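# Descriptive structure summary
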There are 4 protein chains.
Amino acid sequence: MTRRTHVTEFRVRYAETDRMGVVYHANYLVWCEVGRVEFMRSLGRDYAALEQQGTGLAVTEARVRYLAPARFDDLVRVTTTLVGVRSRAVSFAYEITNGATDLRLATAHTDLVSIDRDGRLMAIPADFRAILEAAL
Amino acid sequence: MTRRTHVTEFRVRYAETDRMGVVYHANYLVWCEVGRVEFMRSLGRDYAALEQQGTGLAVTEARVRYLAPARFDDLVRVTTTLVGVRSRAVSFAYEITNGATDLRLATAHTDLVSIDRDGRLMAIPADFRAILEAAL
Amino acid sequence: MTRRTHVTEFRVRYAETDRMGVVYHANYLVWCEVGRVEFMRSLGRDYAALEQQGTGLAVTEARVRYLAPARFDDLVRVTTTLVGVRSRAVSFAYEITNGATDLRLATAHTDLVSIDRDGRLMAIPADFRAILEAAL
Amino acid sequence: MTRRTHVTEFRVRYAETDRMGVVYHANYLVWCEVGRVEFMRSLGRDYAALEQQGTGLAVTEARVRYLAPARFDDLVRVTTTLVGVRSRAVSFAYEITNGATDLRLATAHTDLVSIDRDGRLMAIPADFRAILEAAL
């Protein structure tokens, strides 16, 4: 069995670069979120709707290993994999590559917890959890 | 009579630069907001508290003229002036200079409207408006 | 004769929102740049390559009028139009709409000048200028 | 012996918040960089000058643990500690707290490598390395 993954691609924006001429390192976490949102959409779950219904996912831990720089206008490919689901937490892994050359730019991992509108921990809604578990 | 102005200073962050080696142009609007918030604080009004009480200020128009580049670690000085107050709108002008050399980096202008939690136009609360008018 | 325009679409990122629940106003300038870069690509000119060859375009003036808020995950459509070309300057206009509802979110205008690697004004390279003028 | 640490404080900017009403998680890495730059300045080394002289520090790994949310206008305190120096690499640890309440908001760790203008690994200049080692 292979884990379900989702691939999304976009180009590096000028705003994402820094004076070293490469993408500023914090922006990779933004890209991970883009990957995560598209992963959920691919499962038929719209994260915007989930929040509208009162459930948010807040990042509790993030790790990024930077392997090679991304540059302005590069095609970036984010491959997102769901790597863990518990009653109140989910974990995702990401591989970020150059979509034109396949060069690996970064790997990342994020842990998230399910919270209500007031920021209190809550169980992931059962239907959403079932969908996530099926994608493990 | 001179208009009331407020001056705030901070250093350019690495994240704010782009591959041209200078500050990315959109970030000047972030600096204007920092200036605006500090201007209000100098009047004894905490913008965070204003929002907590149900009144937000949403930007409806922004203009920036870029005169000279700001670079990483430069000391930036934002001079904020209130230039207009109406029942549901306020306008601010900004001068952004290099705090070490006095070189003028940019001038900017923003118009804002007063909105409630649902984003609907509302009158600026009377006490806040009085404070703003006294600062014109 | 109709002016040449270019349309590009993308989704609002979570990172682009602010605590008002809508897109933070400075991010519209980032979107304008995405539109501008894609406009140039549609003319067969890669802005990244132009910079590599020694010519940059630096924003000297930006104006944005905000008409309606954009929200997380909204499909954003940026329609970019070249509105002026001179020996050392170009101007673009932008219309930003919700790609699903056609609601107009913002209009914007930016003036840019052509600079060399050291940030000095230079003439737009003749071949690039010819391509731009053909797109007016 | 206690390790040398450096403390820097600033307020949360509106632009740093997201629709959850709290600071967007990627921005903590920007704050770590602010802490790191101020740490170096406290050692008498200006990171901007170091880059001007041809040595950059590129982040190769970043980890953040998010403990409590930061909100708009909160006073943020970043305590930066140098935790490792090798010939071509340095590591920093960060504690991010609310400067008014002392609540711990996040801890973070970054590894950086020394690179030349072309992005190639290089030894940390001897004088800079000596200063760093004295601060361990």
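Structural data are supplied above this passage.
Described in the following lines is the structure provided in the data block. (Residues numbered from 1 in each chain as written. Chains lettered and ligands numbered in written order. Predicted model: local features only at pLDDT ≥ 70, side-chain atom pairs only at ≥ 80, totals over all residues. Heavy atoms only, no water.)

### What about the sheet that holds strand 3 (residues 75-85) of chain B?
- Spatial strand order, 1(B)-3(B)-4(B)-5(B)-2(B)-2(C)-5(C)-4(C)-3(C)-1(C): 10 strands in an open sheet with antiparallel pairing. Taken across any chain shown, the strands that pair with only one partner, and hence form the sheet edges, are strand 1 (5-11) of chain B together with strand 1 (5-11) of chain C. Neighbour-to-neighbour, the strand axes of the sheet open up by a mean angle of 25 degrees, direction not taken into account.
- Where strand 3 of chain B lies against strand 4 (residues 89-98) of chain B, nine bridges are found, and the strand directions are antiparallel. In the strand pairing of strand 4 of chain B, B:Thr79 is matched with B:Glu95.
- In the packing of helix 3 (residues 126-134) of chain C onto the sheet, contacts are made with strand 2 (56-66), strand 3 (75-85) and strand 4 (89-98) of chain C, and the angle to strand 3 of chain C comes to roughly 110 degrees. (Pairing = 2+ DSSP bridges. Helix = DSSP H or I, 4+ residues; strand = E, 2+ residues; numbered from the N terminus. Axes fitted to C-alpha atoms, helices over the stretch in contact; angles between N-to-C directions. Contact = heavy atoms within 4.5 Å.)

### Let's talk about the side chain of A:Arg13
- The topology assignment puts A:Arg13 in the loop between strand 1 (5-11) and helix 1 (27-42).
- You can call A:Arg13 buried: its relative accessible area is 9%.
- Once residues within four sequence positions are removed from consideration, A:Arg13 is found in contact with A:Phe72, C:Phe10, C:Arg13, C:Glu16, C:Val30, C:Trp31 and C:Val34. (Buried < 20%, exposed > 50% of the residue type's maximum accessible area, 1.4 Å probe, protein only.)

### Topic: the relation of the copies chain A and chain D
- When chain A is fitted to chain D, the residual RMSD is 0.0 Å, and the transformation amounts to a turn of 180 degrees plus an axial shift of 0.0 Å. Expressed as an axis order, the relation between the two copies is that of a two-fold axis. By C-alpha distance to the rotation axis, the residue of chain A lying nearest is A:Arg63, at 2.2 Å. (Least-squares fit on C-alpha atoms with pLDDT ≥ 70 in both.)

### Let's talk about the pattern of salt bridges
Residues and elements named next belong to chain C.
- Taken as a whole and judged by the stated rule, the model has 58 salt bridges over all chains.
- Among the salt bridges present, the one from Arg129 reaches Glu133, with a minimum N-O distance of 3.0 Å. Residue Arg129 and its partner Glu133 are both found in helix 3; the two are separated by four residues, about one turn of the helix.
- Using a relative accessible area of 27% as the deciding quantity, one classes Arg129 as partly exposed. (Salt bridge = Lys/Arg side-chain N within 4 Å of Asp/Glu carboxyl O.)

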